[in-house]
Amino acid sequence: MTRSVESRFLAIVATTIFILVVPLFGLFLSLATDRASRELQQNLDVVIAANAQALAKPLWDFDRESVEQITATIVSNGMISRVTVKDLSGDIAVSMPALPKWPKNGLESISREIYYRAMEGPKLVGTITLYYSRIGMFSSLRQAEVLLIGIFMLAVIGVVGAAVIGNRIMVMKPLLKLTAAIEATRQLGSRHHVDWQSNDEIGRLARSFNAMQIKLEREESELKLAHRRSTDIYNTTPAMLFSLDEEDRITGVSDYWLLATGYKRHEIVGRRFIELVPPAAQDAYTDRKKTRSIAGVQEATTQFVCEDGRIMDVLIAESSRESEGETEALSLSVMTDVTALKQSEERNHRQAITDHLTGLSNRQGFEIALDREIRATDLAGEELACIFVDLDRFKWINDNLGHQAGDQVLCAFVEHMNALLPQGATAARLGGDEFAILVRARRVESLAQDLSGRLCDVFGDPMVIEGASVRLSASIGIALYPRHACNAAELLQKSDMAMYSKKRDGKNGAQFYDPQLQDHTRQRAEIEHDIEEGLAQGWFDAFFQPIVQVETGRVVGYEALMRLVHPEHGIMPPAPLIAVAEETGAITRLGGQILEKALANLARLSDASGNHDAYLAVNFSPLQFDPSLPVRLAALTTEYGIAPKRIVIEITEATLLHDNPQIRTILDEFNRYGYRLALDDFGTGYSSLSYLNRFPVDIVKIDQSFIRALADENPELRHKSRMLVEGITAISHKMECTVVAEGIETEEQRRILADFGVDYGQGYFFARPQAVATLIDETRMPQTRSLKVSVR
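All of these numbers come straight from a predicted model, not from anything done at the bench.

With respect to the nonpolar core
Phase 1: Ile 647, Ile 649, Phe 670 and Leu 753 are the most contacted members of the largest nonpolar core, which has 44 residues in total.
Phase 2: Every residue in contact with Ile 649, bar those within four places of it in the chain, is listed here: Val 618, Phe 620, Leu 633, Phe 670, Tyr 675, Arg 676, Leu 677 and Ala 678.
Phase 3: With 36 residues, the next largest nonpolar core counts Leu 410, Ala 441, Val 458 and Val 470 among its residues.

Regarding the sheet that holds strand 15 (residues 473-481)
In a beta sheet, neighbouring strands are held together by backbone hydrogen bonds and run either parallel or antiparallel to one another.
Phase 1: Strand order in the open sheet made by the 5 strands is 11-12-10-15-16, with mixed pairing throughout. The outermost strands of the open sheet, each flanked by one partner alone, are strand 11 (426-431) and strand 16 (509-512). On average, adjacent strands in this sheet sit at an angle of 20° to one another, irrespective of strand direction.
Phase 2: In this structure, strand 15 lies alongside strand 16, joined through 4 bridges in parallel fashion. By the bridge assignment, Ile 478 is partnered in strand 16 with Phe 512.

Some remarks on the environment of Ile 114
Phase 1: Turning to its location among the elements, Ile 114 is positioned in strand 3 (residues 107-118).
Phase 2: Considering only alpha carbons, one finds Ile 114 and Asn 43, 71 residues apart in sequence, at a separation of 18 Å.
Phase 3: Dropping the residues within four chain positions of it, Ile 114 is found in contact with Ala 52, Leu 55, Ala 56, Leu 59, Val 85, Lys 123, Leu 124, Val 125, Gly 126, Thr 127 and Ile 128.

Points about the sheet that holds strand 4 (residues 121-133)
Phase 1: Within the open sheet, the 4 strands sit side by side as 2-1-4-3. Their pairing is antiparallel. Both edges of this open sheet fall to strand 2 (93-96) and strand 3, since each of them pairs with a single strand only. Neighbour-to-neighbour, the strand axes of this sheet turn through a mean angle of 15°, independent of strand direction.
Phase 2: Across 12 bridges, strand 3 lies against strand 4 in antiparallel orientation. Note on strand 4: the bridge partner recorded for Ile 110 is Leu 130.
Phase 3: Of the strands in this sheet, strand 1 (80-87), strand 2 and strand 4 touch helix 2 (residues 64-75), which is tilted by about 25° from strand 2.

Thoughts on the confidence of the model for the protein
Phase 1: Summary statistics for the protein give a mean pLDDT of 81 and a share of 91% for residues scoring 70 or more.
Phase 2: Under a pLDDT of 50 for its full length, residues 782-792 has, in the predicted model, 77 contacts with residues more than four places off or in other chains.

Notes on the packing of helix 17 (residues 629-639) against helix 19 (residues 661-673)
Phase 1: Axis separation between helix 17 and helix 19 bottoms out at 9 Å; the angle between their running directions is 25°. Taken together, the axes of helix 17 and helix 19 are roughly parallel relative to one another. The two elements helix 17 and helix 19 meet at a crossing, and its hand is right-handed. Of the residues in helix 19, those touching helix 17 at Leu 629, Pro 630, Val 631, Leu 633 and Ala 634 are Ile 666, Glu 669, Phe 670 and Tyr 673.
Phase 2: Of the residues in the contact of helix 17 with helix 19, the class split is 8 nonpolar, no polar and 1 charged.

Some thoughts on unusual backbone geometry
Phase 1: For the bond running from Met 96 to Pro 97, omega is -15°, close enough to zero to count as cis.
Phase 2: Along the polypeptide, Pro 97 turns up in the loop between strand 2 and strand 3.
Phase 3: Between Tyr 481 and Pro 482 the backbone carries a cis peptide bond, its omega angle lying at 5°.
Phase 4: With respect to the secondary-structure elements, Pro 482 resides in the loop between strand 15 and helix 13 (488-504).
Phase 5: Positive phi is not limited to glycine here, since Arg 393 has a value of about 65°.
Phase 6: Along the chain, the position of Arg 393 falls in the loop between strand 10 (383-392) and helix 10 (394-401).
Phase 7: Taking the relative accessible area as the measure of exposure, Arg 393 reaches 45% and is therefore partly exposed.
Phase 8: Phi at Glu 736 is positive, roughly 60°, even though this residue is not glycine.

With respect to helix 19
Since there are 3.6 residues in each turn of an α-helix, residues three or four apart along the chain are aligned in direction.
Phase 1: If you check helix 19, its first and last C-alpha atoms are 19 Å apart, about what 13 residues at 1.5 Å a residue would give, namely 18 Å.
Phase 2: Ile 663, Ile 666, Leu 667 and Phe 670 are the residues of helix 19 that are buried. The buried side chains of helix 19 occupy one side of the element, clustering within an arc of 100° when seen end-on. Facing away from the buried surface of helix 19 by more than 90 degrees, the exposed residues are Pro 661 and Arg 672.
Phase 3: Where helix 19 terminates, the next one or two residues include Gly 674, which has phi positive at roughly 100°.

Some details on the pattern of salt bridges
A side chain of one charge can pair with a side chain of the opposite charge when the charged atoms of the two come close.
Phase 1: Within the structure shown, the criterion is met by 24 salt bridges.
Phase 2: Notably, a salt bridge pairs Asp 390 with Lys 503, separated by 2.6 Å at the nearest N-O pair. Of the two residues, Asp 390 sits in strand 10 while Lys 503 sits in helix 13, which places them 113 residues apart along the sequence.
Phase 3: Two residues, Arg 664 and Asp 668, come together in a salt bridge whose shortest N-O distance is 3.4 Å. Of this pair, Arg 664 and Asp 668 both sit in helix 19, 4 residues apart, which is roughly one turn of the helix.
Phase 4: By relative accessible area, Arg 664 is classed as partly exposed at 31%.
Phase 5: Each of Glu 373, Glu 382 and Arg 440 takes part in salt bridges that share partners, so that together they form one network.

A word on the side chain of Thr 84
Phase 1: Inspection of the secondary structure assignment puts Thr 84 in strand 1.
Phase 2: A distance of 3.3 Å separates polar atoms of two side chains, one belonging to Thr 84 and the other to Ser 95.
Phase 3: Every residue in contact with Thr 84, bar those within four places of it in the chain, is listed here: Val 94, Ser 95, Thr 127, Ile 128, Thr 129 and Tyr 131.

Structural notes on the environment of Phe 242
Phase 1: As for its placement among the helices and strands, Phe 242 is situated in strand 5 (residues 240-244).
Phase 2: For Phe 242, a relative accessible area of 0% translates into the label buried.
Phase 3: Considering only alpha carbons, one finds Phe 242 and Arg 265, 23 residues apart in sequence, at a separation of 11 Å.
Phase 4: Apart from residues no more than four positions distant in its own chain, Phe 242 is found in contact with Tyr 234, Gly 252, Val 253, Trp 257, Phe 273, Ile 316, Leu 332, Ser 333 and Met 335.

The rules behind these values
- Residues numbered from 1 in each chain as written.
- Predicted model: local features only at pLDDT ≥ 70, side-chain atom pairs only at ≥ 80, totals over all residues.
- Heavy atoms only, no water.
- Core = buried A, V, L, I, M, F, W, Y, C linked by side-chain atoms within 4.5 Å.
- Buried < 20%, exposed > 50% of the residue type's maximum accessible area, 1.4 Å probe, protein only.
- Contact = heavy atoms within 4.5 Å.
- Pairing = 2+ DSSP bridges.
- Helix = DSSP H or I, 4+ residues; strand = E, 2+ residues; numbered from the N terminus.
- Axes fitted to C-alpha atoms, helices over the stretch in contact; angles between N-to-C directions.
- pLDDT = per-residue confidence, 0-100.
- Parallel < 35°, antiparallel > 145°, perpendicular 65-115°, else oblique.
- Left-handed = near helix turned anticlockwise from the far one by under 90°.
- Nonpolar A, V, L, I, M, F, W, Y, C, P; charged D, E, K, R; others polar.
- Expected span 1.5 Å × (residues − 1).
- Arc of directions from axis to C-beta.
- Salt bridge = Lys/Arg side-chain N within 4 Å of Asp/Glu carboxyl O.
- Polar contact = N/O pair within 3.5 Å; in protein donor to acceptor, adjacent residues only side chain to side chain.

Here it is in structure tokens:
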């Protein structure tokens, strides 16, 4: 490096001298030579002119001796090397010296003609030629000029020498010291400083270098401290830390990793991590390693073999990135022992898919098993039966005997069911009193039918729960894969549909899925849609059917029945609408809307007829009975100006069956507001007579089934029905209750009821349900009328 810098400096100096000094020196020599040449030429011109004039007379007189003397005189001039004089006749030809010394630079010559001035005028008598040496570049210099050139050369040499010496002292020396410090730093690893002090650029460079060295020393100290701390943290962190290279080889492990696994550092560094994974888990580990990391962090769960052969489940979180400009990738992995967590997850998973009461799979576990069984069915080419079981009257047990008794019933049923299940069957409790069973076989239909029959037989004998005899039954729906469904959700749905179909058809039995059930489902969905649209658009109305006095035929009231007046389908039958509304929970909104319309119609009819004595019998669904119902009814009757005594609340046996204290409180509130109570469908329940004594009943309505049997062709049935109707009428009158007969369709029925003393009656014999507008047009006579609203 030193020679190269110095040689480049000398080359620059030499080039500068060559470019600047040499041309100037050459110009100086050229000018000096030109000056000397002009002076020589002038002198020769003078010499040759003077001697040509001097030689004219001797040559005219042919005086050879004078010619030679003059020639010799000319030759004695140091500038002239040779002289030649000739006359025109050629007699005189003088050349001196005889043997001249030829200069190295060669000779130049100058000639002149010699004229003699005679009387007749100038006469040419001969020629003279002078030979002189050429003037050289240095021979033309004068002494002063040579001295000046010498001084100039000494000055140039001095400047160059000073520059070289100054470069060595001011540049090369500190540069060598800087190079030595850098080389020592490189070889020895310690930071060396440059010992140089000056205020020039080299001094600033030295100071900057020394400052840089000081800063690097400080940073190296900080890096060493940080490395030591990071190493300490790496080894003391209570986590299993390790690093891998791009070939999955272990490049470093923490002390805690060694402590947790039992390995020694020299035994483990350099080994491939996959060698520490059990063979059964290596493929899964490799697949996870190939997955793309998220935000530079890749997580994988695998098994790990410790030094003592113990296998633990570990979660590995690996953070890796490609280092710029480096060939090796950087990675840091954290290995966490999750064996206990895995075991806990497995326990939680089992608990999550298991019903805690019965020990069967719950709905989530059943769905997992259903997917698994469908895959196995496809592989084996078999059929899969999904048996959906729902216990009938189970809610009655919970409501009357308590949930503890219900749990005992469920456990007892599961115990009997497990004993009946064939090998390989899967059973689950889907929730409440719903169960599902999966059975797979080549011909599974008969197997499912037989199993369903035996499940129904479980309830052949009553169950004894907490000393009470309980009789239950089971409604079972069966769907087959792939005959009835093509996936798990559809199979479960269709078995559920089959179960509900059986429950609607009378319960206690099994039914296979039939495609017609979907038609029923679609019809039900259409009904749900019509109910919602009807509530939103105001399609529902209260139609009134007259209630008359049996003896006289005088109209005493109307039964208002719910009707949906569809803009496209016309008037729709109420029974399916009420059933769906009770299932979906829309019955409360529907009942509220019909109640308000019925009261409004009553007000309109009263104003139109002038009869303000008619009463309104209101029949609520059991689902509508809540503590706020009496208040809402009181607000509506007040709004429409209807006296409470004109409102009759009809209740059915289903409402009173459980003797619910809340129901009793609501009925007492009705009575307190002044509303009357009517017992509907009397005679069809288990204990209807007791209701007359337990509740404040004002009106008893005899069920229409007894009225139709009054004129039946079967004498025995006709006789029993007449005795029953007559007895109910007598007992009701003894209890100070008014009797109303429903479903009167013939004159014979009316006459018999009149003979029995029945007070009022209603039916097609008198009138069908009609719109209130029609009644307003048809009933302008002053009669006492009563109205009944059905909101079921």
